[in-house]
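Structure at a glance
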Amino acid sequence: MKMVATKNQIVHNILTMTHRNLLKTLHNPDSLSDVVIEPVIFTLLFGYLFGGVIAGSVHAYLPMLVSGILVQSILNAASGSGQQLREDINAGVFDRFKTLPISPIAPLAGQLVGDSLRLLLSGMMALITAFVMGWRPTVGLPTLGAVLLLAIFIGWATSWIFALVGLMAKNAELIGSLSMIIILVMTFLSNAFIPVKTLPRFIQTIVKINPVSLTITAIRTILRTGNWGGNATMVFISGGIIILIFMPLTVLVYQRRG
Amino acid sequence: MNQECVIQVNNLKKQFGSKVAVKNVSFEIKKGEIFGLLGPNGAGKTTILRMMTTLLRQDAGNVLLNGFDTLTQSRLARQQFSITGQTAAIDQDLTARENLMIFGKLNGLTHTAAKARAAELLTDFDLTQSADQTLATFSGGMRRRLDLAISLIGKPAILFLDEPTTGLDPRTRMQMWQAIQKLVAEGSTVLLTTQYLEEADHLADRIALIDHGGTPNDLKQQIGGMQLRIEVTSLQEQQPAKKLIQDTLALPVSVNDRTLTVLLDHTKMRKVSQILGRLQDAAIAINNFAVETPPLDDVFLKLTVGKN
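Residues numbered from 1 in each chain as written. Chains lettered and ligands numbered in written order. Predicted model: local features only at pLDDT ≥ 70, side-chain atom pairs only at ≥ 80, totals over all residues.

**A short note on helix H10 (residues 229-256) of chain A**
Residues and elements named next belong to chain A. Along its 28 residues, H10 runs 41 Å from first to last C-alpha, staying within 8% of the 40 Å computed at 1.5 Å per residue. For H10, the full list of buried residues reads Ala-232, Val-235, Gly-239, Thr-250, Val-251 and Tyr-254. Contacts from the buried residues of H10 go to helix H5 (105-132), helix H6 (141-168) and helix H9 (211-225). (Helix = DSSP H or I, 4+ residues; strand = E, 2+ residues; numbered from the N terminus. Expected span 1.5 Å × (residues − 1). Buried ≥ 20, exposed ≤ 12 C-beta atoms within 10 Å, placed from the backbone. Contact = placed C-beta atoms within 7 Å.)

**Here's the deal with the UniProt feature "transmembrane region" (unreviewed entry) in chain A**
Residue and element names in this part refer to chain A. Per the UniProt record, the feature "transmembrane region" (unreviewed entry) sits at residues 40-62, 117-135, 147-168, 174-194 and 235-254. Helix makes up 84% of residues 117-135 and strand 0%. Its end C-alpha atoms lie 24 Å apart. Secondary structure content for residues 174-194 is 71% helix and 0% strand, while the C-alpha to C-alpha distance between its ends is 29 Å. (UniProt positions renumbered as here; feature names shortened; annotations may be inferred.)

**Some points on the sheet that holds strand E11 (residues 254-256) of chain B**
What links the strands of a sheet is backbone hydrogen bonding, and the strands pair in either a parallel or an antiparallel sense. All names here are of chain B. Strand order in this open sheet of four strands is E11-E12-E10-E13, and the pairing throughout is antiparallel. Two strands close off the open sheet at either side, each with one partner strand: E11 and strand E13 (286-292). Averaged over all pairs of adjacent strands, the angle between their axes in this sheet comes to 15°, without regard to strand direction. In the sheet, strand E10 (residues 227-232) pairs with E13 via six bridges, with the strands oriented antiparallel. The residue bridging Gln-227 from the neighbouring strand is Glu-292, located in E13. Against the sheet, helix H9 (residues 238-249) touches E10, E11 and strand E12 (259-263), its axis set at about 15° to E12. (Pairing = 2+ DSSP bridges. Axes fitted to C-alpha atoms, helices over the stretch in contact; angles between N-to-C directions.)

**So, the domain arrangement of chain B**
If you check the domain split of chain B, you get domain 1 (5-216) and domain 2 (226-292). The C-alpha-based centres of domain 1 of chain B and domain 2 of chain B are spaced at 42 Å. (Domains from an automatic or database assignment.)

Quick look at the structure:
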């Protein structure tokens, strides 16, 4: 009698919680406005402001910019999960889930699986805006899809870190602004928007060990060569490791928190 | 273990820092009972409820729901109950029907079964017309009814109600009371917390008074005890009668006009019959002589007076 919830039930519970999350989005479509607007604004701003300085022209800058914006947008969308989780907990809805005979992973996983819609949307908006500005991918649609999926996967893995932050901090607004600062620092201290060669030596070191740089390099390689490449495999494995560490940790904190 | 005891709470303790929130609370609830946890704000009612519903870990003591320990068998314990009230909220962004469907499925119902049960509950709780609107448009009473309906979707054996009618208008409160009584008639066991004496008096079969985190030691005796009420025929006989009763029982007698009342404890019960004889010997005529359950207000005031 120890294992009451079978694997099947857990999957069923996660699907129900995902459905709940999507219904919430459906009733409040404006909650998606941040992930739609942010990639558009950043692509336009960076493209037109820095294109000339960094690459000689907007058109020449776009192939470099598109992968940077893609990863930044997806990380930004992923950070929303922590804030959303905190708001739901503060509202008391999660207390009700906690009293149900369901696996404790279901409410969390449901939230994050549902949030992958936000990831998909923000990634697509980044690509579409770049396309409208004149970027023409040299790879086919399936490869482009694979790039998007890789970015979403790493974003989804990161959303477990943000979920953990959301569980540990009490204030939803604080989580929001804190996440924004972290993402800004992580993406600006990477190869997202600028050629690394131009940076002072010690900053170059930081940029090179930044996992965001690794992800962007991997995506750039695929977009340039059309091949998957070793970096992409590294990113894929890193995402898996993040999930393996942070998923159980987040569930544990969720269960323990009084 | 007593088969009939659906809920057993043994020496429950909880401390927040240096503040003792709940100290040594024990009680048992039988199948089909409505048990009231009564007490002023901040007395520890919600803390007790949160521990009983696995939302908070107690420092000591245990809670058994249908025999399942809330700490060591939490998932089985969770299959036994639902909770409604201030400790658990509902999704504001979803419609009433969606809320019911989601919780129906989480309680193990299939899509079809959840749909049928949701429709049934919407009808029962008079929410059919607003079923597909989000809760933003709902009044406080409608939300409370939906909250209770959601708790019932899995047909739980035990229902916890945390201040189910606080802030409701009298008409909605009456509706909630009727819904609760109907549930119990169908075999559920209910534990409710309330700060209203009237509510506890109206609904509950038995009541525990919580004050400063504990149950007064003499409460069981007091609640279980009876009240003696004697009405004398004329005001002149009021004082002699009072003295006679006091001498016989050695308990305080309260006087109101021609009516004298005494809260009895069990040990004094057999002496009550002597009073009739002595009144007759003293030629005091009476209109009425009754041994009855005291109204709750008397007990409540008696027990909490001077404490807050």
